[in-house]
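Below are the chains, spelled out letter by letter.
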Amino acid sequence: MGHADRLARMTPEQLAATVRGAVVDAIAAGELALDPAVVPTEVVVERPRNPEHGDYATNIALQLAKPAGVPPRAVAELLASRLRTVAGIASVDIAGPGFLNLVLDAAALGELARTIVEAGEDFGRVARYAGTAVNVEFISANPTGPLHLGHTRWAAVGDAIARVLEAAGATVAREFYVNDRGVQMDKFGQSIEARALGTEVPDGGYFGEYVEELAREVVRADPSILELPEPERWQSFREVGYLLQLAQQKAVLDAFNTHFDVWYSERTLHSSGAVDRGFERLREQGHMFEADGAVWLRTTDFDDDKDRVLVKADGELTYFASDTAYYVDKRLRGFDVCIYLLGADHHGYVNRLRAVAACAGDDPDINIEVLIGQLVKMVKGGEEVRLSKRAGNMITLEDLVDEVGVDAARYSLIRYPVDSPLTLDLDLLVQRSNDNPVFYVQYAHARISSVLRNASDLGIDWRATGFDASLLSHEREAALLGVLGELPRVMTAAAELREPHRVARYLEELATAYHKFYDVCRVLPPADAELEPLNVARLWLCAAARQTLANGLGVLGVGAPERM
RNA sequence: GCGCCCGUAGCUCAAUGGAUAGAGCAUCUGACUACGGAUCAGAAGGUUAGAGGUUCGAGUCCUCUCGGGCGCGCCA
């Protein structure tokens, strides 16, 4: 019965297409005086907050009323009569100013469980960005010290953005720009040397305890370094110390489940000729000029406050010169979109980076994207913790993970949008980590895993037993199915908006829907009872829920434990 | 001074112009001799900082005011 099978399933995507079809048909039949071109290509079909408003609701009649010159309820009326004839749709109501409230047949909704189980890890993957190559650059901390809490938010969020984009079909490179060149590096080398020799750390140098540890390590690795003449000696300290520090950053990030594809060295940028290529591109585009003995980029052509110097009067390149070359290099490496994650203290860079893209002949609205994240504030004992290296209360990424674990740390940082400042209560995070919503979500996954294990122990092979979706008629089953069906749309929105926190919030909603279902719907047959078709149908639903939780958690880089 | 971000329940925060603004924590009251109680059911808690505007509809968009964070180098 191919016909029945085709009509049996009704995912939100299919429903949206069905509603749109009703509009197009109504126009073709002359019921609506509308240009088909004004019908949105994607009709919005959303799950109403109030369950009394049906499984799905659409505002399409409200949108079309004005262009059609007809009252919204009249538009709703004629769409409703068409939709009522569609197989899989149980009822259509008109509510409020002209909303269409749709209720699906239990079977049409329940088939979603099969769809999800069959899709497996692919459920939630969408094709929104298929064929797009995206470069996501984040953290890019100086390799002159450990990663601190300020970097940690980007470590979690940047990686989650990359994962979300991958789930949406993009090819993604996670990139870390290593500032291994310039004055800061020299200060770093001289600071390590000073600690090794017991002399005074230079002005503007690095004072942290880790510098002493680096000094000991460098000397231990090769004591002859102390015999070198200057400047080879401090330069050697710089080189060896830099590699040790960089390796430490990599190790910490790997442990944090954030794996970079590219560690791009600023030195390489210069030695590879990328700077020359970058300048060449900018010159071609006609935005470079000379004034006051310096070479400038006319970024004011594109919304920047002032023009920027590329080459100083003394012939030295500015940091900005590296930025421009780096951007051009990314584009030459084939990335369509270059995303930068910067802290709020760098928001002044947004316009100038966008101007760089424009000066290079690109479209700043397409090829470059600068995301500004607000800083993380920490509260401990009810008081704000001011993080400063000098005060010695710097909290590193490593510290946070040691205290709360990778999953809780990542989740806490990802579940909030980055454009609002975040206050983390260390006491809450550390001592009462069970209150972290990540455990609520993981618990749902572990709980389902347990049910499926028990089913297996009872010798139940639900996959091989017929699945009757129409049996999933309980309101909590319908609610759970409704939430399950949202993952593809949540993933699309999270990818488009670069907002992985939406996935986290969705998972919390899903976990709630599961727990509510589980509370009142017995899944396995009680002792001494026969296996009923309803038990099997609910096992399919459980499997679908578990798969969806696992897929969502995977996109956040958070584990989906089978036991906890 | 100019620019960007933010202001939602006691606290931490959601809500892509949609219906009665939602969660968690904290407070109070309930639910397992059946599948994991890290759960569930319920109560209480709001002039979405304030004032105008745009429209069928504004926490969301526009203007102004107030309050908070951050930034405005031929530094890196």
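Above this text you will find the structure in question.
Residues numbered from 1 in each chain as written. Chains lettered and ligands numbered in written order. Predicted model: local features only at pLDDT ≥ 70, side-chain atom pairs only at ≥ 80, totals over all residues. Heavy atoms only, no water.

Engineer: Explain the overall build of chain A here, please?
Structural biologist: Assigned secondary structure in chain A consists of 21 helices and 15 strands. Reported as C-alpha extents along the three principal axes, the dimensions of chain A are approximately 85 × 65 × 45 Å. Considering only intrachain contacts with a sequence separation of at least 6, the fraction spanning at least 24 residues in chain A is 72%. In the structure as shown, chain A presents an accessible area of about 25,600 Å², 48% of it carried by carbon and sulfur atoms. (Helix = DSSP H or I, 4+ residues; strand = E, 2+ residues; numbered from the N terminus. Contact = heavy atoms within 4.5 Å. Areas by Shrake-Rupley, 256 points an atom, 1.4 Å probe, with all protein chains shown as cover.)

Engineer: Even after reading the chapter, I still don't get the protein's contact with RNA strand B, so can you show me in this structure?
Structural biologist: Neighbouring residues of RNA strand B: 62 residues in total, closest His347, Pro417, Thr423, Arg447 and Asp519. Taking the atoms of RNA strand B that fall within 4 Å of the protein, sugar and phosphate contribute 61% of them. Contacts to RNA strand B include tyrosine 443, whose side-chain N or O atom sits 2.5 Å from a sugar or linking oxygen. One nitrogen or oxygen atom from the side chain of histidine 501 is found 2.8 Å from a phosphate oxygen belonging to RNA strand B. (Near = heavy atom within 4 Å. Polar contact = N/O pair within 3.5 Å; in protein donor to acceptor, adjacent residues only side chain to side chain.)

Engineer: How should the nonpolar core be read in this particular structure?
Structural biologist: Nonpolar side chains tend to gather and get buried jointly when the protein is soluble and globular. Within the largest apolar cluster, 149 residues are counted, with the highest numbers of intra-cluster contacts made by Ile139, Leu165 and Leu484. Tallying contributions element by element places helix H21 (residues 533-556) first for this core, with 13 residues. Excluding anything up to four places from it in sequence, leucine 165 contacts Tyr129, Val134, Val136, Ala170, Val172, Ile339, Ala495 and Arg498. Ranked by size, the runner-up nonpolar core spans 32 residues in total, among them Ala274, Met288, Phe335 and Val370. (Core = buried A, V, L, I, M, F, W, Y, C linked by side-chain atoms within 4.5 Å. Buried < 20%, exposed > 50% of the residue type's maximum accessible area, 1.4 Å probe, protein only.)

Engineer: Looking at this structure, I do not really get the state of the cysteines. What am I missing?
Structural biologist: One covalent bond between the sulfur atoms of two cysteine residues makes up a disulfide. For the coordinates displayed, the defined rule picks out 0 disulfides. Cysteine cysteine 338 is unpaired, with the sulfur of cysteine 359 as its nearest cysteine sulfur at 15 Å. Accessibility expressed as a relative area gives 0% for cysteine 338, which makes it buried. Counting only cysteine sulfurs, cysteine 542 is the nearest neighbor of cysteine 521, a cysteine outside any disulfide, at a range of 9.5 Å. Looking at cysteine 521, the relative accessible area reads 1%, which means it is buried. (Disulfide = S-S within 2.5 Å.)

Engineer: What is the right way to look at the pairing of strand S13 (residues 376-380) in this model?
Structural biologist: In summary, the side chains of a regular strand alternate between the two faces of the sheet. Bridge count for S13 against strand S15 (residues 422-425) is 4 bridges, and the pairing is parallel. Following the sheet pairing, lysine 377 is matched in S15 by threonine 423. Summarising the sheet, S13 and strand S14 (residues 383-385) pair through 3 bridges and their orientation is antiparallel. Opposite valine 379, over in S14, you have glutamate 384 as the bridge partner. (Pairing = 2+ DSSP bridges.)

Engineer: Looking at this model, I keep getting lost on the packing of aromatic side chains. Mind explaining?
Structural biologist: By convention here, two paired aromatic rings are described through the distance between centres and the angle between planes. This model, assessed by the stated rule, comprises 12 aromatic pairs. Between phenylalanine 176 and phenylalanine 260, the ring centres sit 5.3 Å apart and the planes meet at 80°, which makes this aromatic pair edge-to-face. Of this pair, phenylalanine 176 sits in strand S6 (residues 171-178) while phenylalanine 260 is found in the loop between helix H9 (232-255) and strand S7 (262-265), placing the two residues 84 residues apart along the sequence. Accessibility assignment for this pair places phenylalanine 176 and phenylalanine 260 in one class, buried. The interplanar angle of 90° and the centroid separation of 5.9 Å between the aromatic rings of phenylalanine 188 and tyrosine 206 together place this pair among those described as edge-to-face. (Phe/Tyr/Trp six-rings, centres within 6.5 Å; stacked < 30°, edge-to-face > 60°.)

Engineer: Hey, could you run me through the sheet that holds strand S5 (residues 133-137) in this one?
Structural biologist: Hydrogen bonds along the backbone pair up the strands of a sheet, which may run parallel or antiparallel. Strands sit in the order S7-S6-S5-S11-S12 across an open sheet of 5 strands; the sheet is parallel. Of all strands in the sheet, those with a lone pairing partner are S7 and strand S12 (368-373), marking the two edges. With direction set aside, neighbouring strand axes in the sheet form an average angle of 25°. (Axes fitted to C-alpha atoms, helices over the stretch in contact; angles between N-to-C directions.)

Engineer: I tried to follow the packing of helix H6 (residues 149-167) against helix H19 (residues 487-497) on my own but got confused; where do I start?
Structural biologist: The axes of two packed helices give the description: the angle between them and the distance between them. At a closest axis distance of 9 Å, the pairing of H6 and H19 adopts a crossing angle of 125°. In terms of axis orientation, H6 runs oblique to H19. Crossing of H6 over H19 shows left-handed handedness. For the pair H6 and H19, contact is made by Val164, Leu165 and Ala167 and by Met491, Ala494 and Ala495, respectively. Here the residues of the contact of H6 with H19 are counted per class, giving 6 nonpolar, no polar and no charged. (Parallel < 35°, antiparallel > 145°, perpendicular 65-115°, else oblique. Left-handed = near helix turned anticlockwise from the far one by under 90°. Nonpolar A, V, L, I, M, F, W, Y, C, P; charged D, E, K, R; others polar.)

Engineer: Even after reading the chapter, I still don't get a negative patch on the surface, so can you show me in this structure?
Structural biologist: A cluster of acidic residues, Glu209, Glu212, Glu213 and Glu217, forms a negative patch at the surface. Along the polypeptide, glutamate 213 turns up in helix H8 (residues 209-221). Here glutamate 213 falls in the partly exposed class, since its relative accessible area comes to 40%. (Patch = residues over 30% accessible without salt bridge, like charges linked within 9 Å, V, L, I, M, F, W, Y side chains within 5 Å. Salt bridge = Lys/Arg side-chain N within 4 Å of Asp/Glu carboxyl O. Lys, Arg positive; Asp, Glu negative; His and termini not counted. Charge placed at Lys NZ, Arg CZ, Asp CG, Glu CD.)

Engineer: Any chance you could explain helix H3 (residues 60-68) here in plain terms?
Structural biologist: Residues lying three or four places apart along an α-helix face the same way, a consequence of the helix completing one turn every 3.6 residues. Those residues of H3 lying buried are Ile60, Ala61, Leu64, Ala65 and Ala68. Looking straight down H3, one finds its buried side chains confined to an arc of 130°; they lie on one side. Looking at the buried positions of H3, the neighbouring elements they touch are helix H2 (12-28), strand S2 (56-58), helix H4 (72-83) and strand S4 (99-104). Where H3 terminates, the next one or two residues include glycine 69, which has phi positive at roughly 70°. (Arc of directions from axis to C-beta.)

Engineer: What is the right way to look at the packing of H8 against H9 in this model?
Structural biologist: Across the interface, H8 lies against H9 with an axial gap of 10 Å and an inter-helix angle of 110°. Of the possible angle classes, the one that applies to H8 and H9 is roughly perpendicular. The way H8 lies across H9 gives a crossing that is right-handed. Along the contact surface, H8 presents Tyr210, Leu214, Glu217, Val218 and Val219, while H9 presents Phe237, Val240, Gly241, Leu244 and Gln245. Per-class residue counts for the contact of H8 with H9 are 7 nonpolar, 2 polar and 1 charged.

Engineer: Is there a simple way to think about helix H7 (residues 183-197) in this case?
Structural biologist: For H7, built from 15 residues, the straight-helix expectation of 21 Å at 1.5 Å per residue is met to within 8% by its first-to-last C-alpha distance of 21 Å. All of the buried residues in H7 are Met185, Phe188, Gly189, Ser191, Ile192, Glu193 and Ala194. Contacts made by the buried residues of H7 are with H8, H9 and helix H10 (266-271). Looking one or two residues past H7, glycine 198 carries a phi angle of roughly 80°, positive in sign. (Expected span 1.5 Å × (residues − 1).)

Engineer: Is there a simple way to think about the side chain of aspartate 304 in this case?
Structural biologist: As for its placement among the helices and strands, aspartate 304 is situated in the loop between strand S9 (294-297) and strand S10 (308-311). Those residues in contact with aspartate 304 that sit more than four places away from it in its chain are Thr299, Asn351, Arg352 and Ala355.

Engineer: Teacher, can you tell me more about the side chain of threonine 548 here?
Structural biologist: One can find threonine 548 in helix H21. Judged by its relative accessible area of 0%, threonine 548 falls in the buried class. Not counting residues up to four positions away in its chain, the partners in contact with threonine 548 are Ile116, Phe123, Leu484, Leu487, Tyr506, Leu507 and Leu510.

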